[in-house]
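Chain residues, written in single-letter form:
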Amino acid sequence: MRRLAALRHGLANWRTVSLCLLIVLLIYQVIIPFLMITWASLKTARPGDAAFMEWGFTLANYVRAWADAAFIEATINTLWFSLTSTVMAFAGGLFLSWVVDRTNTPFARFIGMMTLARIIIPGVLITVSWILLISPNIGMINAVLEWLTGIKAVFNVYTFWGMVWVHGIEMIPLAYLLISSAFQAMDPRLEEASTMTGAGTFRTLRRISLPLIAPAIGAALLLLFISTVETFEVPLLIGGRADVRVYTTEVFFNTARVPTDWGLASTYSMALLLISVVLLYFYFRLLRHGERYQTVTGKDYKPRRIDLGPWKYVTCVASLLLVFMITGLPFLIMLYASLLPEDSVSMIEPLEMLTLENFQALFNEQDAFDPLWNSTLLGLGSATAVMLVVSAIAYYVHKTRIPGRKILDFLAFASIALPSVVLGTAFLWFYLLVPLPVLGTLWIIGLAYLTKFMPFALRFVSSSMQQIHVELEEAAQVAGVPWWKNFFRIFLPLLKPGLLAGWFWVMVHAFRELTIALMLSRADNKTAAVVIYDLWENGSFQALSAFGVMMFTVLIVLVTISHAISRRYGIEEQT
Amino acid sequence: MIIVENLSKIFESKTERVAAVDGVGFTVEAGEMVTLLGPSGCGKTTTLRCVAGLERPNDGRIQVDGAPVVDCPAKTFVPPHLRNLGMVFQSYAIWPHMTVFDNVAYALEGKKLARAEIRRRANEALELVQLDGFADRPAPRLSGGQQQRVAIARALAGSPSALLFDEPLSNLDAKLRSEMRSELRRLQQQVGLTSIYVTHDQSEALAISDWIIVMRAGRIVERGRPTEIYRAPKSLFTAQFIGNTNLIPGTVKAAAQGGGPVRVETAMGTMAGLDPNNDLKVGEAVRLSIRPEDLAITGAGAPGAENALTGRVRVATFQGSAVEAELAAGEETIQCHFGRDVELAQGAEINLTFDPLSAVVLRDEALEDELDAA
């Protein structure tokens, strides 16, 4: 009897109820997109047709895709583009992390900071700014080179290698982040111990340093590769004219542009999904492998900096140049192009021709700022929603013993395998079928963002959550504090650093996101990034740049405000 | 034999210039274990790392077995892998991607030995640390104590001319630490290796060393046998850093004569103790250091008798082998360590006395901050 009463009490316990609600939410947000894509790939009917919902499947789409030379070409392009971009970004990231963390190069900290500051520049603007620099017709660098040497169009961005260059440059900050954390995870004592046994530099490198760092480096390479497979901006803006088709653009054009081909879109999606699931499997295996190698670290860890002597000025100039290309150039080019006269067909105009008319036109146009407002709303709203869901998940997973909590972790993390184009497609189709009035509103984009950003936000919160000892909560329980009060009074304040960092990350990424927003956009829910793409399609790079500058401005204002807020909280915590 | 002369190491950052080691010199005789002891930041680890070759000193000379490995005036610097020294790290520094055997055998690889010989010597080293059954285990799947044994076997395997220990036991729990402490001492004596041992743990230093060198702020404070350092420290710093002691403030009333005791005027009356430096003058501010175990209970003594204290029991705790008590004597708190049969009631007044030969009188100096930092 007593056990039954306890059980009933347990069922009634609304902690269990809210856990179930969370699981339902996650199944809805994460599992349905996977099912949606798989289901559609096995159907020849389109979503909305009666036959689409019937029980009965066919492999016709796969057969059609495999027979198509375009599919094979897209596969080769996707893999080759990913491999080359990965190698380039890795080389750049390795160089920067070595310069910043391991040498006495002047301005090392500034270089590291500026590399990471790139996060606030939307990918679509980076791509556009490189087109404005090295396109064969209007490219600024080409124009300068022609003036100097008389040779026309030295560089051409509309080629495979142009794509690799732009995407490689764009990924260097991620590579830098991954590589420098891999190096920091290694205890320098392990190398010293090798030296003390009489091993020289080379043997230590070959037998100790390289094998120890290998899993983390392998994981970094895989993540860079996966990121390129899923990337969209560069293939969309450059790949079209360069005639380099990859999976992501094929999904997009077959879904969102006439003529639509649902069957092909879903097979390409499945191929993307397959690559990303397989690679992620190896990624996590390597990561676990690497963690096993982390041993007790002495408290006196000090990374040793190499004295480069006069060479430090060479590394300084080289890395400043690289960082300028990564972070400074897109911004400056945008700013410059926004001041060019509207009818100008060249990137080079006399200084006195520069004008503010593009901004005037922007301000005169009605509703011109709606997309900026949409992006802001999506940034703030989805960051807040994601952090709420994710902190509840992290709480259940790390701080309770309720059975089923592990499912939460798995579900929330599974969406990392969904590339953005696939996610966008799945959401579009699902809400074509389900009569919820979200199509064409910000809601559908926001819901997709929830799925997209959850796994990343979860990592920020989980690591802070694990640092909070169970005894803290038990102490509160013994003191008779109800658990929800406990959550708000004990957990939230202690989680603040992780929450703020995660919130900030999601806010910035949701603001600048293009792929999902573009796939789900209709007339009234356009975000700033989507407008940039529209303007690009219209061929007006001056208006685009003016709008781009406005987008920058809004994002910088948002970043500054949230930084000020988090710093204030940080200081309060210390006093 | 290791000879260190006038060693200095300066760490420079943008804001400051710190002399971590400042003119340190000592000798380690063949087969001896010398401990560098001091609070954190005293330069002991930096000194050791200079001997190892992992830091390049700014000044000084170091010789290992007669060969100079560092000679700053002559700009000689032998890189660490050519010094033939073994080192045991605080964090064990066991290579996690290798088995136990590979960790040890790696130390023999550079020696151009036959494979069978490497195998034999590595197994011998593992046997020495009683890990012979663990050879094929992946190194991370060992307990902390076992990892430390692997580290020791690895350091021993290459038959180095000397062993360097950098706080090797500080990551172990208390029980394991005292076990490993005796084991280390046994090994060191069995193998007869010249060793330098760095620690901030005074009981560890007392237990395993032939000689203790006490360091403070980059300099050597004093050097002595463990028993000397404990019984007759030559400075207030050493007295307070090593073991528990009562430090009663006072002024010198009569200086020592012919090795006899010094007389000190304190708030509790006149007390006598030894002057280990033989240089105290009348009127100097001093502290009388009495170890808690040197205080004995007596009956009511004659008023004004020397070395007599009266205190009220504030708290007494039974420790099994002993009774520890804290007494209030005027302004001072006196710590006592009695035999297990003593029974003390709280608030009881008791009389204590001590042998003048067991107390030392030391020149007073301000130390508090530094010891707190340790």
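Residue positions within a chain follow its written sequence, with the count starting from 1. The naming scheme follows written order: chains are lettered A onward, ligands numbered 1 onward. Predicted model: local features are reported for residues with pLDDT of at least 70 only, side-chain atom pairs are reported and counted for 80 or more only, and whole-chain, interface and lining totals are derived from all residues. Calculated side-chain values reflect all of the structure's heavy atoms, with hydrogen atoms and water omitted.

### A short note on the overall build of chain A
Scanning chain A from N- to C-terminus turns up 24 helices and zero strands. For 575 residues, the compact-globule estimate of 2.2 N^0.38 gives 25 Å, and the C-alpha radius of gyration of chain A, at 26 Å, lies within 12% of that figure. Each residue is placed in one exposure class: buried if its accessible area under a 1.4 Å probe, protein chains only, is under 20% of its type's maximum, exposed if it is over 50%, and partly exposed if it falls in between. The burial tally for chain A puts 52% of its 575 residues in the buried class. Residue contacts are defined here by distance: any two heavy atoms, one from each residue, within 4.5 Å place the two residues in contact. By sequence separation, contacts in chain A at least 24 residues apart represent 76% of the contacts at least 6 residues apart. Accessible surface area values rest on a Shrake-Rupley calculation with a 1.4 Å probe, where residue burial reflects the displayed protein chains alone. Accessible surface computed for chain A: about 27,100 Å², of which carbon and sulfur atoms make up 68%. The charged-residue count follows a simple rule in which Lys and Arg add positive charge and Asp and Glu add negative charge, with His and chain termini not counted at all. Lysine's charge is taken at NZ, arginine's at CZ, aspartate's at CG and glutamate's at CD. Within chain A, the 36 negative side-chain charges are centred at a point lying 15 Å from the centre of the 40 positive side-chain charges. Strands are runs of DSSP state E lasting at least two residues, helices are runs of H or I lasting at least four, and both sets are numbered from the N terminus onward. Atoms counted for the radius of gyration: C-alpha only. Globule rule: 2.2 Å times the number of residues to the power 0.38.

### Observations regarding the confidence of the model for chain B
Confidence scores here are pLDDT values: one per residue, from the predictor, ranging 0 to 100. Chain-level statistics for chain B give a pLDDT mean of 89 and a share of 97% at 70 or above. Summarising per-element confidence for chain B, the mean pLDDT is lowest in helix H9 (residues 368-373) of chain B (50) and highest in strand E3 (residues 33-37) of chain B (96).

### A few points about the domain arrangement of chain A
All names here are of chain A. On domain assignment, one finds that chain A holds domain 1 (70-337) and domain 2 (354-575). A separation of 24 Å is found between the C-alpha centroids of domain 1 and domain 2. The interface of domain 1 with domain 2 comprises 41 residues on the first partner and 38 residues on the second. Put simply, buried area is how much 1.4 Å-probe accessible surface two parts lose in total, over both of them, once they are put together. A buried area of about 3,400 Å², summed over both sides, lies between domain 1 and domain 2, and 79% of it is on carbon and sulfur atoms. In what follows, salt bridge is the name for a side-chain nitrogen of Lys or Arg lying within 4 Å of a carboxyl oxygen of Asp or Glu. Seen at the junction of domain 1 and domain 2, the total is zero salt bridges. N or O atoms within 3.5 Å of each other form a polar contact, as long as, within protein, one can give a hydrogen and the other can take it, and as long as residues adjacent in sequence are counted only when both atoms are side-chain atoms. At the junction of domain 1 and domain 2, the tally comes to three residue pairs in polar contact (both at pLDDT 80 or more). Those elements that provide at least two residues to the side of domain 1 that touches domain 2 are helix H6 (123-134), helix H11 (233-242), helix H12 (247-256), helix H13 (262-292) and helix H14 (311-337). Of the residues forming the side of domain 1 that touches domain 2, the biggest block, 12 residues, is contributed by H13. Three classes are used: nonpolar for Ala, Val, Leu, Ile, Met, Phe, Trp, Tyr, Cys and Pro, charged for Asp, Glu, Lys and Arg, and polar for all others, with Gly counted as polar. Counted by class, the side of domain 1 that touches domain 2 contains 30 nonpolar, six polar and five charged residues. Note that domain bounds follow an automatic or database assignment of domains.

### So, the pairing of strand E13 (residues 262-266) of chain B
All names here are of chain B. Of the two faces of E13, the one holding Val-262, Val-264 and Thr-266 is buried and the one holding Arg-263 and Glu-265 is not buried anywhere. Pairing between two strands requires that DSSP report at least two bridges joining them. Two elements, strand E12 (residues 246-254) and E13, share four bridges in a ladder whose sense is antiparallel. Residue pairing across strands places Gly-250 opposite Thr-266, the latter belonging to E13. Relative to strand E14 (residues 269-273), E13 is paired through five bridges, and the arrangement is antiparallel. If you follow Val-264 over to E14, its bridge partner there is Met-271. The antiparallel pairing of E13 with E14 creates a hairpin that spans two residues between the two strands.

### Brief notes about the domain arrangement of chain B
Residues and elements named next belong to chain B. Structurally, chain B comprises domain 1 (2-231) and domain 2 (236-298 + 307-373). Centre-to-centre, using C-alpha coordinates, domain 1 lies 36 Å away from domain 2. With 16 residues of domain 1 in contact, the opposing surface of domain 2 contributes 13 residues. Here domain 1 meets domain 2 over a buried area of about 1,200 Å², counting both sides, of which 58% is carbon and sulfur. The largest per-residue losses of area from domain 1 upon contact with domain 2 belong to Pro-39, Arg-216 and Tyr-230, which jointly make up 50% of the total buried on that side. Taken together, the links from domain 1 to domain 2 amount to one salt bridge. Put simply, Arg-216 and Glu-365 hold a salt bridge, and the shortest N to O gap is 3.4 Å. For the pair domain 1 and domain 2, the interface holds five residue pairs in polar contact (both at pLDDT 80 or more).

### Points about the pairing of strand E17 (residues 308-318) of chain B
Residue and element names in this part refer to chain B. Two strands pair when backbone bridges link them, and E17 and strand E20 (residues 349-353) are joined in this way by five bridges, in the antiparallel orientation. Counted as the bridge partner of Thr-310 is Asn-351 from E20. For E17 and strand E18 (residues 322-329), the ladder comprises six bridges, and the chain directions are antiparallel. Residue pairing across strands places Thr-317 opposite Glu-324, the latter belonging to E18. In this antiparallel pair of consecutive strands, E17 and E18, the connection spans three residues, and Gly-320 shows a positive phi of 95°.

### Some points on the state of the cysteines
Residue and element names in this part refer to chain B. Working definition: a disulfide is two cysteine sulfur atoms within 2.5 Å of each other. Scanning the entire structure with this criterion turns up zero disulfides over all chains. You can see Cys-42 has no disulfide; the closest cysteine sulfur is in Cys-50, sitting 13 Å from it. Judged by its relative accessible area of 1%, Cys-42 falls in the buried class. No disulfide involves Cys-50; its nearest neighbouring cysteine sulfur is the one of Cys-72, lying 8.3 Å away.

### Some remarks on the interface of chain A and chain B
On the chain B side, the residues contacting the 27 residues of chain A number 26 residues. Across the chain A to chain B interface the summed buried area is about 2,400 Å²; carbon plus sulfur atoms make up 59%. Area buried by chain A at its contact with chain B is led by Met196(A), Thr197(A) and Arg207(A), which between them contribute 27% of it. Linking chain A to chain B there are three salt bridges. Close ionic contact of Arg207(A) with Glu109(B) constitutes a salt bridge, the shortest N to O distance being 2.5 Å. Across the chain A-chain B interface, the total number found is six residue pairs in polar contact (both at pLDDT 80 or more). For the side of chain A that touches chain B, the class distribution of residues is nine nonpolar, nine polar and nine charged.

### Quick look at the sheet that holds strand E15 (residues 285-290) of chain B
All names here are of chain B. Pairing is antiparallel in the open sheet, where five strands are placed in the order E14-E13-E12-E15-E21. Taken across any chain shown, the strands that pair with only one partner, and hence form the sheet edges, are E14 and strand E21 (360-363). The average undirected angle you get between the axes of adjacent strands in this sheet is 45°. Fitted lines through C-alpha atoms serve as axes, helices being fitted only where they are in contact, and the angles separating the N-to-C directions of these axes extend from 0 to 180 degrees.

### As for the nonpolar core
Within the largest apolar cluster, 173 residues are counted, with the highest numbers of intra-cluster contacts made by Trp130(A), Ile238(A), Met347(A), Ile393(A) and Leu408(A). Inspection of this core shows a minimum of three residues originating in each of domain 1 (70-337) and domain 2 (354-575) of chain A. Apart from the residues within four sequence positions on either side, Ile238(A) is in contact with Thr127(A), Ile131(A), Val157(A), Tyr158(A), Met163(A) and Val166(A). Throughout, nonpolar core names a set of buried Ala, Val, Leu, Ile, Met, Phe, Trp, Tyr and Cys residues whose side chains join them through atoms within 4.5 Å. Judged by nonpolar contacts, the second largest core, of 42 residues, contains Leu190(A), Val64(B), Phe89(B) and Ile213(B).

### What to know about the sheet that holds strand E2 (residues 17-28) of chain B
Residues and elements named next belong to chain B. Pairing within the open sheet is antiparallel, and its five strands lie in the order E2-E1-E4-E5-E6. Lying at the two open borders of the sheet, with one neighbouring strand each, are E2 and strand E6 (76-77). Note that strand E4 (residues 59-64) and strand E5 (residues 67-71) share four bridges and pair antiparallel. What sits directly across from Arg-61, in E5, is Asp-71.

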